[in-house]
Amino acid sequence: MARRENPIFVTCLGIGITCTAPARLCFADTGACRPVDCPAGALDEAEPCGKDTNGGCNSNPPVFTVAECGDTVCGTLWIEDVVVDTDWFLINHGGGILSAKLFSQFPGTCYIVDGIDGCNPFPVGDVGCSENGANQTPAGNIDLPAGEYAVLVKLPHCLFDGIPPDVLCGNGCNDYRVEISCCPWDVEPMGGDGIVGITDFLELLAQWGTDPGGPPDFDGDGNVGIVDFLNLLANWGLCP
Ligand SMILES: [Ca+2]
Ligand SMILES: [Ca+2]
Ligand SMILES: [Ca+2]
Ligand SMILES: [Ca+2]
């Protein structure tokens, strides 16, 4: 259980991170949170709102929800009084690209975390951001050696500055979905189908010349172009 005033990964990991998420809840802007779809076959976080049974390196002893590449996980995140929920999904990664895409009702952040063995955690790759039910930036998207990593979902540090809005359970703004992928070229259909093929190529064409803030801008240069096309071609076929 992480305490708001000194939670290991709530303060440390958030410092210096700029998400476009406003420092208040989405429903403060719109009057209602946009729903987040949870597709059939998704993994349930198996942690009721108000509990923290997968607090990872914020818990003693550390405790994780086990997930794997290709999993979509549906869960909730909450704050109450001085306690904040952090959700840690343990991935036994076979090596290669690892990324996670968060879709949350609240302004949320997502990280690929290394140093899980012994719990000296540090983030690797890009910081993922999400709000109003939409993904802004995928987390990680980085080539990693085989080993244990965690996908961490938490509220951004900006929520702890000024007046912290309580993401109380039952306010209808707690839901999220996180898509864990070791195959960023598999962008279509949503969540991937395990194959890099023609539909993924068509999606790349549809986004040609744009900056989607993630795949299919595979090299992260802020533009979908020829390098991304060659990247996709090089990974044509079944996902690893
Ligand atoms: Ca949770
Ligand atoms: Ca948790
Ligand atoms: Ca595909
Ligand atoms: Ca690019």
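Small disclaimer: the values here were computed from a predicted structure and weren't measured.

1. Focus on the overall build of the chain
Counting its secondary structure elements, the chain contains four helices and 16 strands. Counting only residues that meet the buried cut, the chain has 47% of its 240 residues in that class. Expressed as a percentage of contacts within the chain between residues at least 6 apart in sequence, the contacts between residues at least 24 apart total 72%.

2. Considering the pairing of strand β11 (residues 134-137)
The sheet contact formed by strand β10 (residues 122-131) and β11 spans three bridges and is antiparallel. Residue pairing across strands places Ser130 opposite Asn135, the latter belonging to β11. With antiparallel pairing between neighbouring strands as the criterion, β10 and β11 make up a hairpin whose turn holds two residues, including Asn132 at a positive phi of roughly 50 degrees.

3. Here's the deal with the environment of Phe106
Relative to the helices and strands, Phe106 is located in the loop between β8 (96-104) and β9 (108-114). By C-beta crowding, Phe106 is classed as buried, having 29 other C-beta atoms within 10 Å. Taking the C-alpha atoms as reference points, Phe106 and Leu77, separated by 29 residues in sequence, lie 8.6 Å from one another.

4. Some details on the nonpolar core
In this structure, Phe89, Ile91, Cys110, Ala150, Val151 and Val178 are the most contacted members of the largest nonpolar core, which totals 48 residues. When residues of this core are traced back to their parent elements, those giving at least two are β7 (87-93), β8, β9, β10, β13 (147-154) and β14 (175-181). When we break this core down by domain, the ones giving at least three residues each are domain 1 (2-22 + 32-181) and domain 2 (195-238).

5. Digging into unusual backbone geometry
A negative phi angle is the norm for most residues apart from glycine, just as the trans form is the norm for most peptide bonds. The omega torsion of the bond from Asn60 to Pro61 falls at 0 degrees, within 30 degrees of zero and hence cis. Looking along the chain, the bond that leaves Glu188 and enters Pro189 is cis, with omega of -10 degrees. Among the structural elements, Pro189 can be located in the loop between β14 and β15 (195-196). The backbone of Ala46 shows a phi angle near 60 degrees, a positive value even though the residue is not glycine. Structurally, Ala46 can be placed in the loop between β2 (43-44) and β3 (65-67). Although it is not a glycine, Asn141 adopts a positive phi angle of roughly 55 degrees. Tracing the backbone through its elements, the reader meets Asn141 in strand β12 (residues 139-144). With 23 C-beta atoms counted inside 10 Å, the residue Asn141 sits in the buried group.

6. Concerning the packing of helix α3 (residues 198-206) against helix α4 (residues 226-234)
Viewed as axis vectors pointing N to C, α3 and α4 meet at an angle of 175 degrees, and their least axial separation amounts to 11 Å. It follows from the interaxial angle that α3 and α4 lie roughly antiparallel. Facing Asp200, Phe201 and Leu204 of α3, the residues of α4 in contact are Asp228, Phe229 and Leu232. Of the residues that constitute the contact of α3 with α4, the class distribution is four nonpolar, no polar and two charged.

7. Observations concerning the environment of Pro48
Mapped onto the elements, Pro48 comes out in the loop between β2 and β3. Residue Pro48 is classed as exposed on the basis of its C-beta count, with 11 C-beta atoms lying within 10 Å. In the structure, Pro48 is positioned 121 residues away from Cys169 in sequence and 9.4 Å away in space, judged by C-alpha atoms.

Procedures and definitions
Residues numbered from 1 in each chain as written. Chains lettered and ligands numbered in written order. Predicted model: local features only at pLDDT ≥ 70, side-chain atom pairs only at ≥ 80, totals over all residues. Helix = DSSP H or I, 4+ residues; strand = E, 2+ residues; numbered from the N terminus. Buried ≥ 20, exposed ≤ 12 C-beta atoms within 10 Å, placed from the backbone. Contact = placed C-beta atoms within 7 Å. Pairing = 2+ DSSP bridges. Core = buried A, V, L, I, M, F, W, Y, C linked by C-beta atoms within 7 Å. Domains from an automatic or database assignment. Axes fitted to C-alpha atoms, helices over the stretch in contact; angles between N-to-C directions. Parallel < 35°, antiparallel > 145°, perpendicular 65-115°, else oblique. Nonpolar A, V, L, I, M, F, W, Y, C, P; charged D, E, K, R; others polar.

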